Amino acid sequence: MVPSVEQKRQGPVARGGGDPRVTELHAAVSRLRRRLAAHPGEFADRTIAEEQLAAVAAMAVDGVPEISRLRRSLLLIAGAIGSVSALSAELADVRRAVDLFGGPVRGQG
């Protein structure tokens, strides 16, 4: 079977019945990484944001991520770039994608 254009665009994560939450997370993180790379301004925690986005991208590639690690990374990303209004829409997309995995169990995060 020849993959469709949409399957090619989404990459291997979405093929073969992959988890749509993982696909959405991967897409949201990719969009934020591109916008962050293109953002001309410098800010103190940019490196932290880039490192945590790379970590979340790696979790998405590996399959369904551990929720507590995912939420911790989201907090670090939000803390690092939360005040950069030009990135707010993409950050909100990442948050929505993380929320697809549900919340942490009470007392664990």
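Just so it is clear, the model here is predicted, and its values are computed rather than measured.

Things to note about the nonpolar core
- With 25 residues, the main nonpolar core has L25, L32 and I81 as its most contacted residues.
- Secondary structure elements with two or more residues in this core: α2 (20-38), α3 (46-62), α4 (67-81) and α5 (88-99).
- If we ignore the near neighbours within four places in the chain, the residues touching L25 are V56, A60, P65, L70, A97, V98 and F101.

Quick look at the environment of A27
- Checked against the element boundaries, A27 lands in helix α2.
- A27 sits in the partly exposed class, given a relative accessible area of 23%.
- The spacing of A27 and A57 is 30 residues in sequence and 9.1 Å in space, taken between C-alpha atoms.

Details of the side chain of E90
- Its location among the elements puts E90 in helix α5.
- The exposure class assigned to E90 is buried, which follows from its relative accessible area of 13%.
- In this structure, E90 is in contact with R31, L32 and R35, ignoring residues within four places of it in sequence.

Some points on the packing of α4 against α5
- Running from N to C, α4 and α5 point in directions that differ by 165 degrees, and their axes come no closer than 11 Å. Considering their axes alone, α4 and α5 lie roughly antiparallel with respect to each other. Crossing geometry of α4 relative to α5 is assigned as left-handed. Along the contact surface, α4 presents L70, R71, L74, I77, A78 and I81, while α5 presents L91, V94, R95, V98 and D99.
- Grouping the constituent residues of the contact of α4 with α5 by class yields eight nonpolar, no polar and three charged.

Brief notes about the packing of α2 against α5
- One can describe the packing of α2 onto α5 by two numbers: an axis separation of 9 Å at closest approach and a directional angle of 160 degrees. Here α2 is positioned roughly antiparallel relative to α5, judged by the angle of their axes. Handedness of the crossing formed by α2 with α5: left-handed. Contact residues: E24, L25, A28, V29, R31, L32 and R35 in α2; E90, L91, D93, V94, A97 and V98 in α5.
- Residues that form the contact of α2 with α5 fall into these classes: eight nonpolar, no polar and five charged.

Considering the pattern of salt bridges
- Taken as a whole, this structure holds nine salt bridges when the rule is applied.
- Salt-bridge contacts for E24 lead to R31; the nearest nitrogen and oxygen are separated by 3.6 Å.
- E24 sits in the partly exposed class, given a relative accessible area of 33%.
- With a shortest N-O distance of 2.5 Å, R96 and D93 are connected by a salt bridge. Taken together, the positions of R96 and D93, both in helix α5 and three residues apart, correspond to about one turn of that helix.
- Residues participating in the shared-partner salt-bridge network are E24, R31, D93 and R96.

Rules of the game
Residues numbered from 1 in each chain as written. Predicted model: local features only at pLDDT ≥ 70, side-chain atom pairs only at ≥ 80, totals over all residues. Heavy atoms only, no water. Core = buried A, V, L, I, M, F, W, Y, C linked by side-chain atoms within 4.5 Å. Buried < 20%, exposed > 50% of the residue type's maximum accessible area, 1.4 Å probe, protein only. Helix = DSSP H or I, 4+ residues; strand = E, 2+ residues; numbered from the N terminus. Contact = heavy atoms within 4.5 Å. Axes fitted to C-alpha atoms, helices over the stretch in contact; angles between N-to-C directions. Parallel < 35°, antiparallel > 145°, perpendicular 65-115°, else oblique. Left-handed = near helix turned anticlockwise from the far one by under 90°. Nonpolar A, V, L, I, M, F, W, Y, C, P; charged D, E, K, R; others polar. Salt bridge = Lys/Arg side-chain N within 4 Å of Asp/Glu carboxyl O.

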